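Structural overview for review
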Amino acid sequence: MSASKNSSAKKKVKETNSLWPFYSLIAVFGRRFGVMLLGVVVVISAITVAHQTHQLRQATIEFKKLQDEQTALDLQWQKLRLEQSALADHSRVEKLAQEKLQMKHTDTEDEIIMKPSLRGKE
C-alpha cells in the first residue's frame, strides 16, 4: 500500500512541478495586484472619510445657523407676547374707549333699574 501511496504522491509532485511556472506566475500577479488592490481600497477609504468629514462639518454649520435662528425667533416671540399683553392692558383699553369712543363710567344717578313686569301673575 505504501508503494501505491508513494507513486500517487510522486505523480502529484510531477504534475505540480510541471505546473510550477504557471502557479509562480499567478502568485506574482496575485501579490502585485493584491498590493495594488489594497492600495486602491486604502485611497478610496481615505477619500470617503474626507468626504464624510466634510459633510459632517457642513451639517454642523447648518445646524448651528438653525439654532441661532431659532433663538432669534424665540426672542422675537417673547417681545411680541410682551407687546400684546401691554396692548391688552385694562387701563389702556379703558383709556382708548374714553378717548376714541367717548365712553364713560355711569354714575348711580344715571342708572335706571327696570323691574320685570308681573302681567301673568295678576
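Residues numbered from 1 in each chain as written. Predicted model: local features only at pLDDT ≥ 70, side-chain atom pairs only at ≥ 80, totals over all residues. Heavy atoms only, no water.

**Focus: the overall build of the protein chain**
When its secondary structure is counted, the protein chain shows 2 helices and 0 strands. Considering the protein chain as a whole, with its 122 residues, one finds that 1% of them fall into the buried category. Carbon and sulfur atoms form 63% of the exposed surface of the protein chain, whose accessible area is close to 12300 Å². (Helix = DSSP H or I, 4+ residues; strand = E, 2+ residues; numbered from the N terminus. Buried < 20%, exposed > 50% of the residue type's maximum accessible area, 1.4 Å probe, protein only. Areas by Shrake-Rupley, 256 points an atom, 1.4 Å probe, with all protein chains shown as cover.)

**Concerning a nonpolar patch on the surface**
Together, Phe29, Phe33 and Met36 make up a nonpolar patch on the protein surface, roughly 330 Å² of accessible area in all. With respect to the helices and strands, the residue Met36 is situated in helix α1 (residues 2-87). (Patch = residues over 30% accessible without salt bridge, like charges linked within 9 Å, V, L, I, M, F, W, Y side chains within 5 Å. Salt bridge = Lys/Arg side-chain N within 4 Å of Asp/Glu carboxyl O.)

**Focus: unusual backbone geometry**
Positive phi, normally seen in glycine, also occurs at Gln102, with a value near 50 degrees. Relative to the assigned elements, Gln102 resides in the segment after α2 (90-100).

**Comments concerning a negative patch on the surface**
A contiguous patch of negative charge on the surface is contributed by Asp107, Glu109, Asp110 and Glu111. Following the sequence through the fold, Glu109 ends up in the segment after α2. (Lys, Arg positive; Asp, Glu negative; His and termini not counted. Charge placed at Lys NZ, Arg CZ, Asp CG, Glu CD.)

Without other data, these values stay purely geometric and don't point to any function.
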